[in-house]
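Architecture at a glance
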Amino acid sequence: MKIQILVTFFSRFGSAAAGFVIAILLSQFLGAEGKGQASLLILNISFINLLTNVMGGSAVVFLAPRYSAFTLLVVSYIWVPVSALLLWALYLVSGYTFTSLNHHTFILATLLGFFQTNTNLLLGKKQTHTFNILSLAQVLLTLTYLLVALYSPVASKNYNQYVYALYCGYGLSFIASLYYANKEINEYLFADVKEVISKFIKHGGYLQLANLGQLLIYRASFYIIGYYHQLPPLGIYSNAIGIAESIWIVSRSISTVQYAEVANETDIKVSMQKTARLRWINVAIATGLTLIVCLLPDGLYTLLFGKEFKGLQEIIWWLAPGILAFSYYTITTHFFAGIGKNHYNTIISFTGFGLTVVLGMILIPAYSAIGAAITASIVYLLNTLQAEYYYRKLSMG
């Protein structure tokens, strides 16, 4: 398990480093407004994937040790495009127009949905190294296209280049993931279909509801900032969140391997012992990394991202308590997912979303990005207490 966590960490670190370079490129070439538009594109793709991943995504990790890989893939491969097309049709019928929401968004979300199904099947089969390589390749392919396009003397330097870069990253990585997922199919037997669909709805539904709540916690502030303060402050705050997420590489590396291990473990007491130990290791590492990014001078951030991003360091300071709280409770929530108690995560996530809306509507209009950071920290701290309550309840039961 230690080797798997270490390999996952380096993969996540590589992905985060590549993502950080992408953020710098978009900030330098497109400015705060362009960076804000790119952030909304990724956010919209994430919302679409909440539906496509009901019968795909992380639920596949839990179901992979229990059902035929071929059946899981077929069910998911039918559901992903159908659900994306359904959302696209509803969007067209609605007559509304949203920033960074168009046919490209839905196509990219479908490609990403296929990729996530394939890679989560590999993770569920404990093919952690292949999962990590493919995840890293996706980001590196996106970065490579973006570097060529933005530094090419003939290519235009605009937002569309980022869209094309995502097509490159998502498309090529999906093809590679399909090859490796196919190797996990022992026989092309379409069996237990009704039971698989039922389990997908049960586990995938709760997982995606939890993910929806978590995404709304992460990103509801984006929409509130965009509504009250337009795109430039949103671009600045999205970079602050990006730095926080780079610290969470450790958390997500540990929790990714932990989830696969817990899903395959039959003794809940063993899983709880590992979870308790991993939580404090995670927080200790996150504390050191958080201190480093907080102590970096604001001038360094403006040098990296551009003059429009002044004040980034202060936002990170306000985010710091939330960063540490998230590092603790994400290990707990992945434990819940691994034992099939996804309803706990759903309750926690939507409680956090409700608090985000209430606090965000109070703090963000007055304090802009700093108000969003304060909101995030309070919500993560309260979510940690809630997750701890459910964890202790299980330990006593």
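Structure shown above.
The sections below set out a description of the structure shown in this document. Everything numeric here is computed off the predicted structure, so don't read it as measured data.

Focus: the overall build of the protein chain
A count of helices and strands for the protein chain gives 13 helices and zero strands. Going residue by residue from the N terminus, the α and β elements of the protein chain occur as α-α-α-α-α-α-α-α-α-α-α-α-α. Against the globule reference of 21 Å for 397 residues, the protein chain gives a C-alpha radius of gyration of 20 Å, in line with a compact fold. By its C-alpha atoms, the protein chain is 55 × 50 × 40 Å across when sized along the principal axes. Within the protein chain, buried positions represent 54% of all 397 residues. For the protein chain, restricting intrachain contacts to residue pairs at least 6 apart in sequence, the fraction spanning at least 24 positions comes to 84%. With the model as given, the accessible surface of the protein chain reaches about 17,100 Å², and the carbon-plus-sulfur share is 68%.

As for the packing of aromatic side chains
To describe a pair of aromatic rings, you give the distance between the ring centres and the angle between the ring planes. Enumeration according to the criterion identifies 20 aromatic pairs in this entry. Measuring from centroid to centroid gives 4.1 Å for Trp-248 and Phe-326, while their planes differ by 35°, and the two rings are tilted. Remark: Phe-326 occurs in helix H12 (residues 312–338) and Trp-248 occurs in the loop between helix H8 (231–247) and helix H9 (249–264); sequence separation between them is 78 residues. Grouping residues by exposure puts Trp-248 and Phe-326 together as buried. Taken together through their ring pairs, the aromatic side chains of Phe-335, Phe-336, Tyr-344, Tyr-389, Tyr-390 and Tyr-391 make up a single cluster. Over the face of the ring belonging to Phe-62 we find Arg-66, whose NZ or CZ atom lies 4.1 Å from the ring centre. Sitting over the face of the ring of Tyr-391, Arg-279 holds its NZ or CZ atom 4.2 Å from the ring centroid.

Some words on the pattern of salt bridges
Per the counting criterion, the structure on display carries three salt bridges. Taking the shortest distance from any N to any O, the salt bridge between Arg-279 and Glu-388 comes out at 2.9 Å. Of this pair, Arg-279 sits in helix H10 (residues 268–295) while Glu-388 sits in helix H13 (residues 342–396); the two residues are 109 residues apart in sequence, bridging distant segments of the chain. With relative accessibility at 4%, the residue Arg-279 sits in the buried group. Between Glu-388 and Arg-392 there is a salt bridge, with the nearest N and O atoms lying 2.9 Å from each other. Residue Glu-388 and its partner Arg-392 are located together in helix H13, separated by four residues, close to a single helical turn. Glu-388 gets classed as buried once you look at its relative accessible area, which sits at 14%. Linked by salt bridges that have partners in common, Arg-279, Glu-388 and Arg-392 make up one network.

Some remarks on the environment of Ser-177
Considering the arrangement of structural elements, one finds Ser-177 in helix H6 (residues 159–182). Ser-177 sits in the buried class, given a relative accessible area of 0%. Ser-177 has contacts with Phe-115, Asn-118, Thr-119 and Leu-134, leaving out every residue within four places of it along the chain.

A closer look at the nonpolar core
Formed by 54 residues in total, the largest nonpolar core has its most connected members in Tyr-237 and Leu-319. For this core, the elements supplying multiple residues, two or more each, are helix H1 (2–52), helix H7 (193–229), H8, H10, helix H11 (298–305), H12 and H13. Looking at this core element by element, the count peaks at 14 residues for H13. With 31 residues, the next largest nonpolar core counts Leu-25, Ile-45, Phe-106 and Val-139 among its residues.

Description of the environment of Leu-146
Tracing the backbone through its elements, the reader meets Leu-146 in helix H5 (residues 128–151). Through-space distance from the C-alpha of Leu-146 to that of Ile-22 is 7.7 Å; in sequence the pair is 124 residues apart.

Considering H12
The terminal C-alpha atoms of H12, which comprises 27 residues, lie 36 Å apart, in line with the 39 Å expected from a rise of 1.5 Å per residue. Extensive coverage of H12 is indicated by the burial of 20 of its 27 residues.

Definitions and limits used
Residues numbered from 1 in each chain as written. Predicted model: local features only at pLDDT ≥ 70, side-chain atom pairs only at ≥ 80, totals over all residues. Heavy atoms only, no water. Helix = DSSP H or I, 4+ residues; strand = E, 2+ residues; numbered from the N terminus. Rg over C-alpha atoms; globule rule 2.2 N^0.38 Å. Buried < 20%, exposed > 50% of the residue type's maximum accessible area, 1.4 Å probe, protein only. Contact = heavy atoms within 4.5 Å. Areas by Shrake-Rupley, 256 points an atom, 1.4 Å probe, with all protein chains shown as cover. Phe/Tyr/Trp six-rings, centres within 6.5 Å; stacked < 30°, edge-to-face > 60°. Lys NZ or Arg CZ within 6 Å of the ring centre and 35° of its normal. Salt bridge = Lys/Arg side-chain N within 4 Å of Asp/Glu carboxyl O. Core = buried A, V, L, I, M, F, W, Y, C linked by side-chain atoms within 4.5 Å. Expected span 1.5 Å × (residues − 1).

These values are about where atoms sit, not about what they do.
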